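# Structure assessment
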Amino acid sequence: MDNLTEDHQEFNIGIDGGGSINNTDNQFIGRGEKEMAPIAGNSIHRSSSRPQLDLSGAAIQGNFEERDPTILLPNQSDDISHLALDIGGSLIKLVYFSRHENQTVTDRRRKIINARLGITNVNRRSYPILGGRLHFVKFETNKINECLDFIYSKQLHRGGMDSRHWQSEGSVTENTIIKATGGGAYKFADLFKDRLGISIEKEDEMNCLVAGANFLLKAIRHEAFTHMEGQKEFVQIDSNDLFPYLLVNIGSGVSMIKVDGDGIFQRVSGTNVGGGTYWGLGKLLTKCKSFDELLELSQRGDNRTIDMLVGDIYGGMDYSKIGLSASTIASSFGKAISENKDLEDYSPEDISLSLLRMISYNIGQIAYLNALRFGLKRIFFGGFFIRGHAYTMDTISFAVQFWSKGQAQAMFLRHEGFLGAIGAFMSYEKHGLDDLMVHQFVERFPMGAPYIGGSVHGPPLGDLNEKISWMEKFVQKGTEITAPVPTAPPGTTGLGGFEVPSSKGDALRPDASKLNVGVLHLVPSLEVFPLLSDPKTYEPNTIDLSDHGELEYWFTVLSEHMPDLVDKAVASEGGTDDAKRRGDAFARAFSAHLARLMEEPAAYGKLGLANLLELREECLREFHFHDVYRSIKQRENEASLAVLPDLLMELDSMNEETRLLTLIEGVLAANIFDWGSRACVDLYHKGTIIEIYRMSRNKMQRPWRVDDFDLFKERMFSSAEKRPRPYKRALLFVDNSGADIVLGMLPLARELLRRGTEVVLVANSLPALNDITAMELPDIVAEAAKHCDILRGAAEAGGLLVDAMINVQDSPRDSSFSVPLMVVENGCGSPCIDLRQVSSELAAVAKDADLVILEGMGRSLHTNFNAKFKCDALKLAMVKNQRLAAKLINGNIYDCVCRFEPAN
Amino acid sequence: MVYFSSNSICSGDDQKNGFLKDGIDTVNYTVLSGRLHFLKFETTKISECMKFISTKRLQEYGDKDDEASASDKNIIKATGGGAFKFADLFKEKLGIILDKVDEMSCLVAGANFLLKAVHQEAFTYLDGQKDYVQIDHKDLYPYLLVNVGSGVSMIKVDGDNEFERVSGTSVGGGTFWGLGKLLTKCQSFDELLELSRQGNNRVIDMLVGDIYGGMDYSKIGLTSTAIASSFGKAVSENKELEDYRAEDVARSLLRMISNNIGQIAYLNALRFGLKRIFFGGFFIRGHAYTMDTLSVAVNFWSKGEAKALFLRHEGFLGALGAFMSYEKKGFTDITHQFMEQNSSVPKSSFCSEDGSESSTRAHVRDNECIECRVQVRN
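Residues numbered from 1 in each chain as written. Chains lettered and ligands numbered in written order. Predicted model: local features only at pLDDT ≥ 70, side-chain atom pairs only at ≥ 80, totals over all residues. Heavy atoms only, no water.

For the rest of this paragraph, the subject is the packing of helix 4 (residues 103–117) of chain B against helix 11 (residues 317–324) of chain B. Residue and element names in this part refer to chain B. One can describe the packing of helix 4 onto helix 11 by two numbers: an axis separation of 6 Å at closest approach and a directional angle of 90°. Overall, the two elements helix 4 and helix 11 adopt an arrangement that is roughly perpendicular. Contacts between helix 4 and helix 11 pair Cys106, Leu107, Ala109, Gly110, Ala111, Phe113 and Leu114 from the former with Leu317, Gly318, Leu320, Gly321, Ala322 and Met324 from the latter. Of the residues that constitute the contact of helix 4 with helix 11, the class distribution is ten nonpolar, three polar and no charged. (Axes fitted to C-alpha atoms, helices over the stretch in contact; angles between N-to-C directions. Helix = DSSP H or I, 4+ residues; strand = E, 2+ residues; numbered from the N terminus. Parallel < 35°, antiparallel > 145°, perpendicular 65-115°, else oblique. Contact = heavy atoms within 4.5 Å. Nonpolar A, V, L, I, M, F, W, Y, C, P; charged D, E, K, R; others polar.)

Each partner contributes to the interface: chain A provides 60 residues, whereas chain B provides 60 residues. Buried surface at the junction of chain A and chain B, summed over both partners, amounts to about 5,000 Å²; 60% is from carbon and sulfur atoms. A per-residue breakdown of the area chain A buries against chain B is headed by Asn272(A), Leu284(A) and Ile337(A), which together make up 14% of the total. On the surface where chain A and chain B come into contact, there are three salt bridges. (Buried area = accessible area lost by both parts, 1.4 Å probe. Salt bridge = Lys/Arg side-chain N within 4 Å of Asp/Glu carboxyl O.)

Right, let's get into the packing of helix 23 (residues 630–652) of chain A against helix 26 (residues 689–698) of chain A. Packed helix pairs are specified by the crossing angle of their axes together with the interaxial distance, meaning the distance between the axes. Residue and element names in this part refer to chain A. Between helix 23 and helix 26, the shortest axis-to-axis distance is 9 Å and the interhelical angle comes to 50°. In terms of orientation, helix 23 lies oblique with respect to helix 26. Where helix 23 approaches helix 26, its residues Glu636, Ala639, Ser640, Val643, Leu647 and Glu650 are matched on the opposing element by Ile689, Ile690, Tyr693, Arg694 and Arg697. Here the residues of the contact of helix 23 with helix 26 are counted per class, giving six nonpolar, one polar and four charged.

Attention now goes to the pairing of strand 8 (residues 224–228) of chain A. Residue and element names in this part refer to chain A. The buried fraction of strand 8 is high, at four of five residues. Hairpin connection between strand 8 and strand 9 (residues 231–235): a loop of two residues separates the two successive antiparallel strands, and Glu229 in this loop has a positive phi of roughly 50°. Summarising the sheet, strand 8 and strand 16 (residues 410–413) pair through two bridges and their orientation is antiparallel. Bridging from a neighbouring strand, Ala224 pairs with Leu413 of strand 16. (Buried < 20%, exposed > 50% of the residue type's maximum accessible area, 1.4 Å probe, protein only. Pairing = 2+ DSSP bridges.)

To continue, consider the side chain of Asn370(A). Among the structural elements, Asn370(A) can be located in helix 13 (residues 348–374). Residue classification places Asn370(A) among the buried positions, given a relative accessible area of 0%. For Asn370(A), the side chain forms a polar contact with the side chain of Ser269(A), separated by 3.2 Å. If sequence neighbours within four positions are ignored, Asn370(A) has contacts with Leu246(A), Met256(A), Ser269(A) and Leu267(B). (Polar contact = N/O pair within 3.5 Å; in protein donor to acceptor, adjacent residues only side chain to side chain.)

What is shown is where atoms sit, not what they do.
As structure tokens, then:
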């Protein structure tokens, strides 16, 4: 990580350090030229004369659930060409880069935190935090004017509307050069020149395809998926074990490319029977006007009327000797021979299906044979023929499975269709690719995602107001989409077998098969939490939402909670008309997301509860509700702080062992204050904070449902005579504001400090529900420190008290009076946490930590319940949800979990 | 249909005629010396076939049960899907009981027989040039047999009766004819094939040059005339089916299918390390043009390293194989005898007169009888 960031700094300054040799020409390694191939891997500083895009730290923003998600490029320097095109015969694909809209907000916030947090500044400051997003947009080629308008309105040809630097640069440079690929790059070059003053620079198509695929497969966690019988299954691919693979691009024709590494590939095969054949023949045979219409027809067809099946030949019997069942196609269109029928006598639906199966099977077969030939274990299919069409994917999958006898699986890419455009985008800059890391991408699905999906993009929406209007207008028009319509669980209608892939007919809505691709946010400061014992197998979500019942439950929970949330959101913005309007728009947008996900749980990538909860927070932020619970949090913090001194006195009067138990009880008891839990919200009306807290703590009767307290106590005190070695540094992942942090976690932190353990409070970077944020924590600690010497000393040592700032990194050992208490942000804005993507600060402080305490449902139950760490871990939570209690710990609501797991 | 008739020299008394129905192929066979006739009928015109059989009284020379009761129990070996389908019809019209023999076994047996017994059976065909290939019997196996019928079966043959169907494709002769019929309203396969000869596929196919502005995509070894997408031009042009010449459509279709079969066959040969690929089946049927397109395909995909081989008796493999299956006892010996003698006696056009030897020769024409001389040890 450190190397990465330092390198980064360097090449922002020294553009073009390595000269522009080898930029494109040698990227492709042709047959017999392998010996001369440049080693692409170690050319960090190689660059073209183009402005550069730094992909280090790229991240998809948000949950992984949108269509065409945006990628964030945090390390991106200013002088970037930020638009690339793939102009195909039917669609224009656009990939463009924009900087964070809320960059300034984030920066200011971070500055404050960083000012207080000497420890991570060095790491953070080693490169400029520019970051940004990759957007994916499609236009129909015959409506190229819409595309030109879009580019113009977003000022993409001069550097984007929110970048003054770019703008000035753009206007100075008369001749802006934009990378493009696809056949149309030549054809429309003049048009771009005339209308926008852009010179199109043509990039080799195959280079772009491969570069695009490599980028996506490395950078995006849930990019590849299999598709069998209508069921999508995301496949996590270790980027170190990606090559070699076969990339099958099904355009008009089919290219099969063996990819051995970045820029190292060879077209090994192909077939002239591809998408163009399907559409071309289909058009001649059915008079369909569009590819989509033809595909649509196929869904209602029955190919048995026209294909000769094995059963037709063998009088309805299987030819089992060679493993052919009666329904296997023996000869595509073979029945047309013997029947005395003309073209008009066959239904276009049947013809379309017969054609589709013929071509899909054939491609699958040839692809498999080529994979076999070169010993490639993975086959990825892309190109316009696939286009997220479930039936096409199914037939290809069946073919690969059939011919490989189950040994190989066809895989597809969520961003298929954008490979070329991404590749063209990458061609601005080659070197960042090598440093690219999946954990730095965050994919976010903006409000339009459920409607637009992967479809062709409409007019650009400039500001929030336009967004809201669009939402109002659209929802009025398309109400049937917003009303959540639970459908039958997918994949239950299939008959199976090579002969009858199931996902056709009524179970398949024309739109349902399409995947959403969101905006990819690149957050350079994100890193993998270093204490995970096995990051490769780590899965944050405990609850798998691909179980339809589970999804339905959480869908209901979230829907029921919505009116209350909207009320609070509107109130948090002063209850103005504008706030009400935004609140409505939020409700519509989020409902639409939910409806979309109910219909197609995999629409936004692999769906877990954490994604769903984060989606809600993202949705609120999108409509500028930055902190819905602000006033509630404030009130509860104050009330809790007021009773803290009494609690501390009470604790200090106990002996060590009793105190530790009381502290853990306190954490569990205080965890009841959770606005995310319906049951708890009802409780709030019954008493004051301290009353509830005491009542709750008194009810804490051991054994708890999961009770490892004795283990933990043993580690803390040791049963033997010798004094145990105290923990060196503990990371406390805190949950809610108010009693939870003040009366629960802070006293526990204090106890650890007292025992000589450094304590790092890990809190959210952005608000989520009533969770405490890293921004708010220092004030709370400062307030608490007024009443407690231990906390004050530690907070001073940790640089939390503004007027006593100490650079911890320089002098942690010098502050002999106290071990430090620190606060770091975790890098996310969700009630859950995905430990594969945490802030660099957190990653840095984790290096010396030997105890991790995860507190609260979101971080220790919904996510990370099964996470294993390299150090000791304590998971503390009160289960405030009956279903979860039953499912996870076979218990009941308000049961407690105290799970202690010694280092793995 | 393949049937055998004894030469006039041999009296009919002691001869035993085998008769085979293969949808369109029949083999007839006699004990001593005689001729193997190869005939084809369209399955839809099965009545013509039956008429022929009955005229030649072939039904009486099936595999009798040797005993006297034979005449009302004529058992004829047959293969192909129609052996089931038309069993009743044969029974009813001719009193023949069709004995179904496994199709794939027949194909392989037929091919093995021909490749061993018939001199100059295999040949390559490139640019209209037919070159016979001498194959050493001892070095025959393993090979890939690609039978292009309605669908395509690809069979890896490792020896007599040792084979495995390793692959296939549903895009075969039936697809060519079926789609061709829908697209051109041709009335017969031959008509369609004839049309394709006069067509120009560039009108409908999208060529590499069409995409890259007339230039080659030489980087990946594609010339501008390579087909990028079969029928791909139909996509962008505002034309309907009627606006295209039937000839051009037929040509595109043929090239698409031949190319595809050639490719899949080559990939399978590569996969199993088979050095020879024999193509057979009605799709080829001695049609110069389909042989040419298949050869081009194999040549293209293998970069010249593999060649498509064809059999003069293609189309009759199944019928021959079924014909062979009459012989339960001593048949293998006969084949050996065939081989040996054949290898030592090169054939020109007609068989030698030596009655103790077996010999075959064939014309590669449809519905012509091929004379051969067979001596079978009882």
